[in-house]
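So the chains spell out like this:
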Amino acid sequence: MKILSDVPAGLPAPALPSLSGQDLQALLPAAIAIALVAYLEGIAVAKTLAAKSRQQVAPDQELVAVGAANVAAGVFQAFPVAGGFSRSAVNFSAGARTPVATLVTAAMVAITALLLTPAFHHLPRAVLAAIVVVAVLGLVDGRGAATTWRVRRADGLALGLTFLVTLILGVEPGLAAGVAFSLGVFLWRSARPHTAELGRVPGTDRYRNVQRFTGLLTDPRYAIIRVDGPLYFANAQRLSDQLLGLAEQREGLVAVVLDASAITDVDTDGATALAELRERSAARGVALHLATVRGPVRDLLDRAGVWRSVSEAGQVHPDIPTALAAAGSPTAALAGVGGGAEVGRER
């Protein structure tokens, strides 16, 4: 059976490292990668333990703490500091709940390094492995993983991928794989924001998705479209083509009211696509009206030079009923006509 054998004793003396420009250039890429992975691992452990103890984690403070710890570690020539699953699990299983536990641990490590290292000479490595395995098993949440898969399959896939890569290659590659997969899913979703055509609830000025609610009042001459997400370079052209396709496919369409209440942000490409959409739909005899535009979005459109032209044309409105009235829709036109074409994919 393998044993630990000799364990180095003593504490390192503080000293500033001597680094040249070439050393910094060679170490900087790896240092950035280590810092990113270490922080992700630490915050993941912190959130897991906080959920079990019903506490909250402040990510900014966690970043400051990890940075300060690494500065101190650099002065004492130590390894990079990060929260580890196994060490944190052992600490939590032992009853640690406050920073006092860290101070006690540091004091015990110092005493052990100075005086007790000979006592570990014959300690089997299997004993240390058993301690780590038992502690980490307490952090495995099978029920939570099943709930994640049931609620959203993409999150379940990210969890499964992270677990498998961690099991095969280690914690750092597992976290990197999970983060990369989650970022890819986020970009894919944001490039395909949910869009819905709206109809009026009878007897009110409220509008709802015609694919989710029945009995809504619509008019085939006027389409009310809501976009749920930012309008930016990844989805601007797709949404523009989608609305132009609606204008081409629906006979008798005279106006499209874009409900911008759920558009939280617009970039230069989004503003340009909006201006082009207005011009191209006008060429087809379909007027584009904007309703319920948020203040920050309005500011961005103004800086892009789009807001003024749309506003001067009388195609910007505070709400949907005002936009419909400006588009020429009488109140009677919204009564008694059901249906509505689906735009986008309902989720």
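Residues numbered from 1 in each chain as written. Predicted model: local features only at pLDDT ≥ 70, side-chain atom pairs only at ≥ 80, totals over all residues. Heavy atoms only, no water.

Caption draft 1: The overall build of the chain, seen in detail. Of the regular secondary structure elements, the chain holds 13 helices and six strands. Whereas a compact globule of 347 residues would reach a radius of gyration of roughly 20 Å, the chain reaches 30 Å, over 25% beyond that. In terms of overall dimensions, the chain has C-alpha extents of about 90 × 50 × 35 Å along its principal axes. Taken across its 347 residues, the chain has 31% of its residues classed as buried. Excluding contacts between residues fewer than 6 apart, the proportion of contacts in the chain whose partners are at least 24 apart in sequence is 77%. In the structure as shown, the chain presents an accessible area of about 21000 Å², 63% of it carried by carbon and sulfur atoms. In the chain, the 30 positive side-chain charges and the 27 negative ones have mean positions that sit 8 Å from each other. (Helix = DSSP H or I, 4+ residues; strand = E, 2+ residues; numbered from the N terminus. Rg over C-alpha atoms; globule rule 2.2 N^0.38 Å. Buried < 20%, exposed > 50% of the residue type's maximum accessible area, 1.4 Å probe, protein only. Contact = heavy atoms within 4.5 Å. Areas by Shrake-Rupley, 256 points an atom, 1.4 Å probe, with all protein chains shown as cover. Lys, Arg positive; Asp, Glu negative; His and termini not counted. Charge placed at Lys NZ, Arg CZ, Asp CG, Glu CD.)

Caption draft 2: Region of the structure containing the packing of helix H6 (residues 142-151) against helix H7 (residues 153-169). Packing of H6 against H7 leaves a shortest axis separation of 5 Å and a crossing angle of 140°. Regarding the angle of H6 to H7, the classification is oblique. Relative to H7, H6 is oriented so that their crossing is left-handed. In this structure, H6 uses Ala145, Thr148, Trp149 and Val151 to contact H7, whose residues at the interface are Arg153, Asp155, Gly156, Leu157 and Leu159. Here the residues of the contact of H6 with H7 are counted per class, giving five nonpolar, two polar and two charged. (Axes fitted to C-alpha atoms, helices over the stretch in contact; angles between N-to-C directions. Parallel < 35°, antiparallel > 145°, perpendicular 65-115°, else oblique. Left-handed = near helix turned anticlockwise from the far one by under 90°. Nonpolar A, V, L, I, M, F, W, Y, C, P; charged D, E, K, R; others polar.)

Caption draft 3: Here's a closer look at the sheet that holds strand E3 (residues 222-228). In space, the six strands of this open sheet follow the order E2-E1-E3-E4-E5-E6, with mixed pairing throughout. The open sheet terminates on both sides in strands that have one partner only, identified here as strand E2 (207-209) and strand E6 (316-317). Note: strand E1 (residues 194-200) against E3, four bridges, orientation antiparallel. Paired with Thr195 across the bridge in E3 is Val227. On top of the sheet, helix H9 (residues 236-249) reaches E1, E3 and strand E4 (255-259); it is set at about 165° to E3, its chief contact. The strands touched by helix H10 (residues 268-283) are E4 and strand E5 (287-291); relative to E5, the strand with the most contacts, the crossing angle is about 140°. (Pairing = 2+ DSSP bridges.)

Caption draft 4: Looking closely at unusual backbone geometry. One non-glycine residue, Gln77, lies in positive phi territory at about 60°. On the secondary structure map, Gln77 appears in the loop between helix H2 (59-75) and helix H3 (85-93). Its identity is not glycine, yet Thr292 carries a phi of approximately 50°, on the positive side. Residue position: Thr292 is located in the loop between E5 and helix H11 (295-303).

Caption draft 5: Molecular detail of the nonpolar core. Of all hydrophobic cores here, the largest spans 29 residues; its most connected members are Val256, Leu258, Ile263, Val266 and Leu301. Per element, the largest residue contribution to this core is six residues, and it comes from H9. If we ignore the near neighbours within four places in the chain, the residues touching Leu301 are Val266, Ala271, Leu274, Val306 and Trp307. If you look at the next biggest cluster of nonpolar residues, it comprises 12 residues, including Tyr207, Val257, Ala291 and Ile320. (Core = buried A, V, L, I, M, F, W, Y, C linked by side-chain atoms within 4.5 Å.)

Caption draft 6: Inspection of a nonpolar patch on the surface at higher detail. Taken together, the side chains of Val7, Leu11, Val100, Val104, Met108, Ile111, Leu114, Leu115, Leu116 and Phe120 define a hydrophobic patch exposed on the protein surface, amounting to about 880 Å² of accessible area. Inspection of the secondary structure puts Leu115 in helix H4 (residues 100-116). When its relative accessible area of 63% is taken as the criterion, Leu115 is described as exposed. (Patch = residues over 30% accessible without salt bridge, like charges linked within 9 Å, V, L, I, M, F, W, Y side chains within 5 Å. Salt bridge = Lys/Arg side-chain N within 4 Å of Asp/Glu carboxyl O.)

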